[in-house]
Amino acid sequence: MKVKIQTAIVLTTACLPAIIYLTWLAAYYWLLEAGRYKAFLQPKLWPLLILALILLLSFIAALISQFSRKSGRVLKFEQWLQAAILFVPVLFLWAIYGQSLGTHALSKRALDTDQPFSISEIGPQRSSPATDGKTLSLLEIIKNAEQFNGKRVATEGMVYRGGHSDRNRFRLFRFVIVCCAADALPLVIFVKSKIAEKFDNDVWVRVEGIFKLETVKGRQISSIAADSVRLIPAPPPEKRYLFF
Amino acid sequence: MNNPVCDSAIFEHGHDHRSGSRGSRYAQLLFVLLALSLIVFFRDAPQFNTLGIIFVSIVLEAMPFMLLGTLIGGFIEVFVPREKVTRWLPEGRWWTVFIGAGIGVMFPVCECAIVPVVRKLLQKGVPLSAAIAFLLGGPIVNPLVAASTAVAYFGDWSIVMQRMMFGYGIAVGIGLLMGLLFTKAKAVHNEVSSEPIGTDAPAIFGSGKPAVWGEKIGLAVNHAAADFLDIGRFLVIGAFCAAVVQTLVPRQAFVAAMGTPAFSILIMMLLAVLLNLCSEADAFVAASFRSSLVPLSGQMAFMILGPMLDIKLILMYLKVFKAPTIAVLATLTFVTVFLSMLTMY
């Protein structure tokens, strides 16, 4: 019995590298399937995921072709520790998929939450954006702020009430990603509405109203005087971010 | 193709046991226990969501680059003979540093992919100063980083040029200095300073008979697989530390402290070390600080130091350099970037 257990341990230890790569291969495949990776990465990075799949497959093939039980006899603890560390991100992926950056991340990333960070400076302004009743993203509105000034807009995002917001106002925000969620930047627009206090932090709402661009203390502040604010279900995780 | 000699040579050589002290093992074990306890006990906390998303994102983005880096390292190991490397980049020649700092132009990847390649190049006999110049300059002086910087700054090519020139100049300067201060044997771990015995393809695949291409490729990939397991865990731990910082420290606190230009540069440098952003994305974050009136020298400091020095890189450097070398390299890099940016201001 003892010999059998020992053999099983040796065999598993020898297989550990291949098991690690198989686990990561499954994780990347799962993320790529149905575009789940967009909950963490910029959609344009899909070739990077394909590259990872190809490399992981070739590593597994090489490990299998060179498989030897000998490698299981040395450094058991070290190899198990190595494997445990490399499994940690997969466990986190399993634990957090379905969640997204919210008001907590906003409070840590916004450079100024009273005069919210605006990326109106980022990217050239596009010409004559259409506003004909369709839902615009916060990125489209902020990038074309001057063209939308005084016009009716409809957009969606999450609510942030902040510590000292007045009753008739909340911040509507979404995160915009360049490469991955680690570099996500918040886009914020103030929403003025009589029913603003009804909405809690982190809920998703659709806002319709007149967009205004004001200059306060030398900084441009975007706001929407809303005549309609309604709760909407949170989009699937891969559609919660905006991308440059 | 079961080849026990090859297998044990690859997995025993330099992977872990010699370089992993007991303290380091305990620290790694502590990391695993901490990570698992966070999943078990704090899964519903908003802080956990932020931490988890940032952590997973950094690893998912960096891992393909690192897999690629280790694969290139594996091919260098098997296909590039030491004699050729030492002929191209001979030891003791100052001009090799200038080549090293510019290799990124032909090898445009971010910093995670460069560390495993540098490890292999050092094993193959590349001079320490040239390898360090590549390590520091490669993630900045490359076309992808130039393009992303241009997009982030609306095609302002003067900023792109400044980033490339400062990146190249600082990499050359520190490469030369490190070459003067350290010998290779003193700077890097024993298994990195010399080519391991028994991993040479002809030596493994027959008595004096050269290995066939297929076998060589298999061996190269096998080397890459072993190298990734060895260095990959430091990427994971580094990404976790970066995520913790991003989760707990508000960026506003840094901006509030930027009273003078020197302070702005210092704080932006500190941010670069703590945020651990990819060199292909950091320009967008740097550009976002314009709205907080951070001077260009501060933004530039962020874009130059980040690809050279951050938490995950320091941890990955541990698999290449000895601790005193890392301390000197980090200090020199920090001070040089600070002084350069102060001059620029």
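Residues numbered from 1 in each chain as written. Chains lettered and ligands numbered in written order. Predicted model: local features only at pLDDT ≥ 70, side-chain atom pairs only at ≥ 80, totals over all residues. Heavy atoms only, no water.

Draft legend 1. A look at the overall build of chain B. Broken down by element type, chain B carries 19 helices and 0 strands. Here chain B, with 345 residues, has 62% of them falling under the buried criterion. A separation threshold of at least 6 residues defines the contact pool for chain B, and within that pool the share at least 24 residues apart is 84%. (Helix = DSSP H or I, 4+ residues; strand = E, 2+ residues; numbered from the N terminus. Buried < 20%, exposed > 50% of the residue type's maximum accessible area, 1.4 Å probe, protein only. Contact = heavy atoms within 4.5 Å.)

Draft legend 2. Up close: the overall build of chain A. If you tally the helices and strands in chain A, you get 7 helices and 7 strands. Mapped from its N terminus to its C terminus, chain A presents α and β elements in the order α-α-α-α-α-β-α-α-β-β-β-β-β-β. Sorting the 244 residues of chain A into buried and exposed places 55% on the buried side. Long-range contacts, defined here as pairs at least 24 residues apart, represent 66% of the contacts in chain A between residues at least 6 apart. For chain A, the accessible area works out to roughly 10600 Å², and carbon and sulfur atoms hold 58% of it. (Areas by Shrake-Rupley, 256 points an atom, 1.4 Å probe, with all protein chains shown as cover.)

Draft legend 3. Spotlight on the nonpolar core. The biggest cluster of nonpolar side chains holds 201 residues, and the ones touching the most others in it are A:Tyr21, A:Trp24, A:Phe40, A:Phe92, A:Phe170 and B:Phe321. Considering every element that reaches this core, the biggest residue donor is helix α3 (residues 46-79) of chain B, with 16 residues. Those residues in contact with A:Tyr21 that lie beyond four places of it in its chain are A:Leu56, A:Phe59, A:Ile60, A:Leu63, B:Leu67, B:Ala224, B:Ala225, B:Phe228 and B:Leu229. (Core = buried A, V, L, I, M, F, W, Y, C linked by side-chain atoms within 4.5 Å.)

Draft legend 4. The pairing of strand β6 (residues 219-231) of chain A, seen in detail. Residues and elements named next belong to chain A. Relative to β6, strand β4 (residues 185-192) runs parallel, the two sharing 3 bridges. Note that in β6 the partner of Lys192 across the bridge is Ala225. Across 12 bridges, strand β5 (residues 204-216) lies against β6 in antiparallel orientation. Across the sheet, residue Thr215 finds its bridge partner in β6, namely Gln220. Linking β5 to β6, which pair antiparallel, is a turn of 2 residues; within it Lys217 sits at a positive phi near 50°. (Pairing = 2+ DSSP bridges.)

Draft legend 5. Fine view of the pattern of salt bridges. Residues and elements named next belong to chain B. Within this structure, the stated rule accounts for 17 salt bridges over all chains. Here Asp227 makes a salt bridge to Arg119, at a shortest N to O gap of 2.8 Å. One end of the pair, Asp227, is in helix α13 (residues 213-248); the other, Arg119, is in helix α6 (residues 111-123), and 108 residues separate them in sequence. With a relative accessible area of 3%, Arg119 lands in the buried category. (Salt bridge = Lys/Arg side-chain N within 4 Å of Asp/Glu carboxyl O.)

Draft legend 6. Quick peek at the side chain of B:Lys184. Residue and element names in this part refer to chain B. Examined against the element boundaries, Lys184 turns out to sit in helix α10 (residues 184-187). An unpaired buried charge is present at Lys184: no salt bridge exists, and Glu91, the closest side chain of opposite charge, is 4.4 Å distant. Only 2.8 Å separates the side chain of Lys184 from the backbone oxygen of Leu122, close enough to count as a polar contact. Within the structure, the side chain of Lys184 is placed 3.0 Å from the backbone oxygen of Val126, a separation counted as a polar contact. With residues up to four places along the chain from it excluded, the contact list for Lys184 reads Glu91, Leu122, Gly125, Val126, Leu128 and Ser193. (Lys, Arg positive; Asp, Glu negative; His and termini not counted. Polar contact = N/O pair within 3.5 Å; in protein donor to acceptor, adjacent residues only side chain to side chain.)

Draft legend 7. Geometry of the confidence of the model for chain A. Residues and elements named next belong to chain A. Overall, the predicted model of chain A reaches an average pLDDT of 84, with 86% of residues at or above 70. The weakest mean pLDDT in chain A belongs to helix α3 (residues 70-73) at 54; the strongest belongs to strand β2 (residues 152-160) at 94. Within the model, the stretch residues 113-128 combines pLDDT values under 50 with 52 contacts to residues more than four positions away or in other chains. (pLDDT = per-residue confidence, 0-100.)

Draft legend 8. Seen up close, unusual backbone geometry. Residues and elements named next belong to chain A. Despite not being glycine, Ala34 shows a phi value in the positive range, around 65°. Within the secondary structure layout, Ala34 lies in the loop between α1 (2-32) and α2 (46-65). In this structure, Asp202 is a non-glycine residue whose phi angle is positive, near 75°. With respect to the secondary-structure elements, Asp202 resides in the loop between β4 and β5. Asp202 sits in the partly exposed class, given a relative accessible area of 34%.

Draft legend 9. Spotlight on the environment of B:Met341. Residues and elements named next belong to chain B. Structurally, the position occupied by Met341 is in helix α19 (residues 323-344). Expressed as a C-alpha distance, the spacing of Met341 and Gly298, which sit 43 residues apart in the sequence, is 7.3 Å. Apart from the residues within four sequence positions on either side, Met341 is in contact with Phe166, Ile265, Ser297, Met300, Ala301 and Ile304.

Draft legend 10. Up close: the confidence of the model for chain B. Residues and elements named next belong to chain B. Of all residues in chain B, 88% attain a pLDDT of 70 or more, and the chain-wide mean is 83. Within chain B, the element-level pLDDT minimum falls on helix α1 (residues 4-12), averaging 45, and the maximum on helix α9 (residues 157-181), averaging 95. Counted against residues more than four places away or in other chains, residues 11-19, with its pLDDT under 50, gives 32 contacts. This stretch, residues 197-207, has a pLDDT under 50; its non-local contacts, to residues over four places away or in other chains, come to 22 contacts. Among the scores for the predicted complex, ipTM is 0.90 and pTM is 0.82.

Draft legend 11. Spatial organisation of the interface of chain B and chain A. In this assembly, 75 residues from chain B lie in contact with 67 residues from chain A. Both sides together, the interface formed by chain B and chain A hides about 6600 Å², and carbon and sulfur atoms give 72% of it. Looking at the side of chain B facing chain A, the largest losses of area belong to B:Ile53, B:Leu60 and B:Leu229, adding up to 11% of the total buried there. Inspection of the chain B/chain A interface yields 2 salt bridges. (Buried area = accessible area lost by both parts, 1.4 Å probe.)

Draft legend 12. Quick look at a nonpolar patch on the surface. Taken together, the side chains of B:Trp94, B:Trp95, B:Phe98, B:Ile99 and B:Leu176 define a hydrophobic patch exposed on the protein surface, amounting to about 480 Å² of accessible area. Ranked by the residues each element gives to the nonpolar patch, the list is headed by helix α5 (residues 95-102) of chain B, at 3 residues. (Patch = residues over 30% accessible without salt bridge, like charges linked within 9 Å, V, L, I, M, F, W, Y side chains within 5 Å.)

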